[in-house]
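# Observations on chain architecture
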Amino acid sequence: MQSVAKSKYIRISPRKMRRVLDLVRGKRVDEAINILHFTMKGASLPVEKTIRSAVANLGNIEEGERIDIDQIFIKEAFVDAGPTLKRFRPMSMGRAGRIRKRTSHLTIVLEDTKQE
C-alpha cells in the first residue's frame with residue numbers, strides 16, 4: 001500500500017531542500033523522522049511535516065487496520081521548483097539587482113512492506 005503527501009509553495013530553495021531529502025530517501029519512517037529531528041537545517045521541518053502527513057494518509061487509506069511504523073519506508077522523495085518571487089534591490093551606480101526568492105514543491109511517497 002502506498003500513500004502520497006505533497007507540500008507546495010515552501011519558501012526554501014529546492015537546492016537546500018534536496019540536501020535534506022538525500023539524508024532520508026529510502027529509509028524507514030521512524031528512522032527518517034529521528035534523523036530530521038536532529039538535523040540543524042531549515043528544510044528539515046517541512047520535510048518532517050510532510051512525512052508525518054504521508055503516514056496519516058496511509059492510516060486513512062487502510063481504514064482501521066493497525067499500522068506498524070517499522071514496516072513503512074520512504075519509497076520516493078523529490079522536490080521540484082515552484083514559482084520564483086522576484087524582488088529588486090538597489091545596487092551601485094544606480095542599478096537595480098534582481099533578488100530571486102525561490103519556492104519548492106515537495107512530494108513524499110511512502111510504502112508499506114507488509115505481505116498481504
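Residues numbered from 1 in each chain as written. Predicted model: local features only at pLDDT ≥ 70, side-chain atom pairs only at ≥ 80, totals over all residues. Heavy atoms only, no water.

## What to know about the pattern of salt bridges
Spelled out, the test is: A carboxyl oxygen of Asp or Glu within 4 Å of a side-chain nitrogen of Lys or Arg is what we treat as a salt bridge. With a 1.4 Å probe rolled over the protein chains alone, any residue whose accessible area is under 20% of its type maximum counts as buried; one over 50% counts as exposed, and the rest are partly exposed.
Tallied over the full model, the rule gives 5 salt bridges. Between Arg-25 and Asp-22 there is a salt bridge, and its shortest N-O distance comes to 2.7 Å. Judged by relative accessible area, which is 38%, Arg-25 ranks as partly exposed. In this structure, Arg-28 engages Glu-31 in a salt bridge whose closest nitrogen and oxygen atoms are separated by 3.9 Å.

## A few points about helix H1 (residues 14–24)
Threshold: Numbering of helices and strands runs from the N terminus, with a helix taken as a DSSP run of H or I at least four residues long and a strand as a DSSP run of E at least two residues long. Working note: the arc is built from the helix axis to C-beta atom directions. When checking whether two residues touch, look at their non-hydrogen atoms; a contact exists if any pair is within 4.5 Å.
The complete set of buried residues in H1 reads Pro-14, Met-17, Val-20, Leu-21 and Val-24. Mapping the buried residues of H1 onto a view down its axis gives an arc of 125°, with all of them on the same face. For H1, the exposed residues lying more than 90 degrees away from the buried face are Arg-15, Lys-16, Arg-19 and Asp-22. Structurally, H1 contributes buried residues whose contacts are with strand S1 (2–10), helix H2 (29–37), helix H3 (44–62), strand S2 (72–81) and strand S5 (104–112). Gly-26 sits one or two positions beyond H1 and adopts a positive phi of about 85°.

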